[in-house]
Amino acid sequence: MPAEMIDLAFKPVINPEPAHLSKAQIDAFNRLGFVAPIDVFDAQQARANVAYFETRQRTESAACFHA
């Protein structure tokens with residue numbers, strides 16, 4: 001295989017001592033090819049993110065009408 005080629009073939013995970021995912025999550029990944037859901041933010045941070053983006057959306061939308 002030439003060096004510039006990247007192997008994108010699916011390879012199942014084999015990890016007898018996972019640090020973060022459960023055995024069930026790893027089994028699901030090997031069966032489905034993805035893991036979901038994954039918590040990225042806690043509830044408080046998620047609410048803060050929503051508030052931030054809603055404020056930005058209102059601000060940017062208003063700016064478009066006054067341009």
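Here goes a summary of the coordinates provided.

Each value, and the rule that gives it
Residues numbered from 1 in each chain as written. Predicted model: local features only at pLDDT ≥ 70, side-chain atom pairs only at ≥ 80, totals over all residues. Heavy atoms only, no water. Helix = DSSP H or I, 4+ residues; strand = E, 2+ residues; numbered from the N terminus. Rg over C-alpha atoms; globule rule 2.2 N^0.38 Å. Buried < 20%, exposed > 50% of the residue type's maximum accessible area, 1.4 Å probe, protein only. Areas by Shrake-Rupley, 256 points an atom, 1.4 Å probe, with all protein chains shown as cover. Lys, Arg positive; Asp, Glu negative; His and termini not counted. Charge placed at Lys NZ, Arg CZ, Asp CG, Glu CD. Salt bridge = Lys/Arg side-chain N within 4 Å of Asp/Glu carboxyl O. Patch = residues over 30% accessible without salt bridge, like charges linked within 9 Å, V, L, I, M, F, W, Y side chains within 5 Å. Contact = heavy atoms within 4.5 Å.

### A closer look at the overall build of the chain
Along the backbone of the chain there are 2 helices and 0 strands. Against the 2.2 N^0.38 benchmark of 11 Å for 67 residues, the chain shows a C-alpha radius of gyration of 21 Å, more extended than a compact globule. Taken along its principal axes, the extent of the C-alpha atoms in the chain is 55 × 40 × 20 Å. A total of 67 residues make up the chain; the buried ones form 3% of that total. With the model as given, the accessible surface of the chain reaches about 6,400 Å², and the carbon-plus-sulfur share is 62%. Where the 6 positive side-chain charges of the chain centre and where its 8 negative ones centre are 6 Å apart.

### Considerations on the pattern of salt bridges
In this structure the tally under the stated criterion is 3 salt bridges. Measuring nitrogen to oxygen at the nearest pair gives 2.6 Å for the salt bridge that ties Lys 11 to Asp 7. Judged by relative accessible area, which is 43%, Asp 7 ranks as partly exposed.

### Observations concerning unusual backbone geometry
Note the cis peptide between Ala 36 and Pro 37, where omega equals -10°. Structurally, the position occupied by Pro 37 is in the loop between helix H1 (23-32) and helix H2 (43-65).

### Examining a nonpolar patch on the surface
A cluster of nonpolar side chains, Ile 38, Val 40 and Phe 41, forms an exposed patch at the surface whose accessible area comes to about 340 Å². Inspection of the secondary structure assignment puts Ile 38 in the loop between H1 and H2.

### Re the environment of Phe 34
In this structure, Phe 34 sits in the loop between H1 and H2. Considered as a pair, Phe 34 and Ser 22 are 12 residues apart in the sequence and their alpha carbons are 13 Å apart. Residues within four places of Phe 34 in sequence aside, it is in contact with Ala 28 and Phe 29.

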